[in-house]
Amino acid sequence: MEHLKIAADNYVAFTFFIGTMAMMAASVFFFFELGNTSAKWRTSLLVSGLITFIAAVHYYYMRGYNLETGDSPTFFRYVDWILTVPLMCVEFYLITKKAGSKQGLLWKLIFASLVMLVTGYFGETIDRGNSVLWGVISGAAYFYIVYLVWFGEVAKLAQTAGAQVAKATKVLAWFVLVGWAIYPLGYILGTPGGLFGIQLVSDPAAATHAMDIVYNIADAINKIGFGLVIYALSRSED
Ligand SMILES: *C/C=C(C)/C=C/C=C(C)/C=C/C1=C(C)CCCC1(C)C
């Protein structure tokens, strides 16, 4: 079998590689720290580790797939997100549980995240001609999540869950508003006419590469960042 080498200017393959390593390292860190974590925060930290661990396995696969074929591993990208984004919703539920969050809220968050991802997948794959329409539907579901964590039930519960939970929820809300907003940018770059018919990158291969790099950077920021906020919360007094 031929040994595939990452060319020095292949930023797509490189970010898949470094993403794999970063997700693995973060998972080891979160899992090993479980032993030093009070029972109250252990489940939240475990979920942080599961998020980066699931991503690590997907990145390992996507890294190899991309290196061998040069293509974008879109299907497994979305499999990863469909597993990890709902787990990020679980984090909001877990940290506000003390303040009385109900399972209904968890299902609202999970449902919105699934709508966001499934419609995004349609726009990227089976119905690329209508990528703008799918992107808009996906964006609406995204803004519903933003609403819930900034002004809706999550925000209200966090206010009554103690200063540390309120602070952590605010930081996570910033991740959702700014960190998650990087993804639609990748989508716009990668799909034909993704920005209301405007083609930002005309060469299809270059467009796909730009999209993968943006997604890879966003995943590292959001998955590891989310986990570190939970970790910091787990070290706090309340
Ligand atoms: C770990 C993975 C995460 C946090 C993935 C988040 C993905 C999104 C917030 C994706 C959002 C999209 C839109 C808001 C519109 C265009 C289609 C998507 C799916 C890229």
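Our subject is the structure listed above.
Reading the values: rules and limits
- Residues numbered from 1 in each chain as written.
- Predicted model: local features only at pLDDT ≥ 70, side-chain atom pairs only at ≥ 80, totals over all residues.
- Heavy atoms only, no water.
- Helix = DSSP H or I, 4+ residues; strand = E, 2+ residues; numbered from the N terminus.
- Contact = heavy atoms within 4.5 Å.
- 1 Å grid on protein atoms, 1.4 Å probe; cavity = no way out; pocket = protein on both sides within 12 Å on 5 of 7 lines; lining within 4 Å.
- Points joined across faces, edges and corners; volume = space filled by probe spheres on them.
- Nonpolar A, V, L, I, M, F, W, Y, C, P; charged D, E, K, R; others polar.
- Near = heavy atom within 4 Å.
- Areas by Shrake-Rupley, 256 points an atom, 1.4 Å probe, with all protein chains shown as cover.
- Sits in = over half its atoms within 2 Å of the grid points.

1. Quick notes on the side chain of Ser44
(1) Moving on: Locating Ser44 in the fold gives a position in helix α2 (residues 39–69).
(2) Moving on: Discounting residues that sit within four places of it in the chain, Ser44 has contacts with Glu91, Leu94, Ile95 and Ile230.

2. Side note on the layout of surface pockets
(1) Moving on: Estimated volume of the largest pocket: approximately 530 Å³.
(2) Moving on: As for the largest pocket, its lining consists of 26 residues, and the residues nearest its centre are Gly135, Ser138, Gly139, Tyr183 and Pro184.
(3) Moving on: Residue assignment for the lining of the largest pocket shows that the elements contributing at least two residues are α3 (74–95), α4 (103–124), α5 (131–150), α8 (182–190) and α9 (204–234).
(4) Moving on: It is α5 that contributes the most residues to the lining of the largest pocket, eight residues altogether.
(5) Moving on: Taken together, the residues that form the lining of the largest pocket break down as 18 nonpolar, seven polar and one charged.

3. Details of the site of the ligand
(1) Moving on: Around the ligand sit 17 residues, and of these Val85, Met116, Ser138, Tyr183 and Lys223 come closest.
(2) Moving on: In the complex, 99% of the free accessible area of the ligand, which totals 530 Å², lies under the protein chains.
(3) Moving on: The cavity where the ligand resides is the largest pocket.
(4) Moving on: Put simply, the parts of the chain that give the shell around the ligand at least two residues each are α3, α4, α5, α8 and α9.
(5) Moving on: By residue number, the principal contributor to the shell around the ligand is α3, which donates five residues.
(6) Moving on: In terms of residue class, the shell around the ligand is made up of eleven nonpolar, four polar and two charged.

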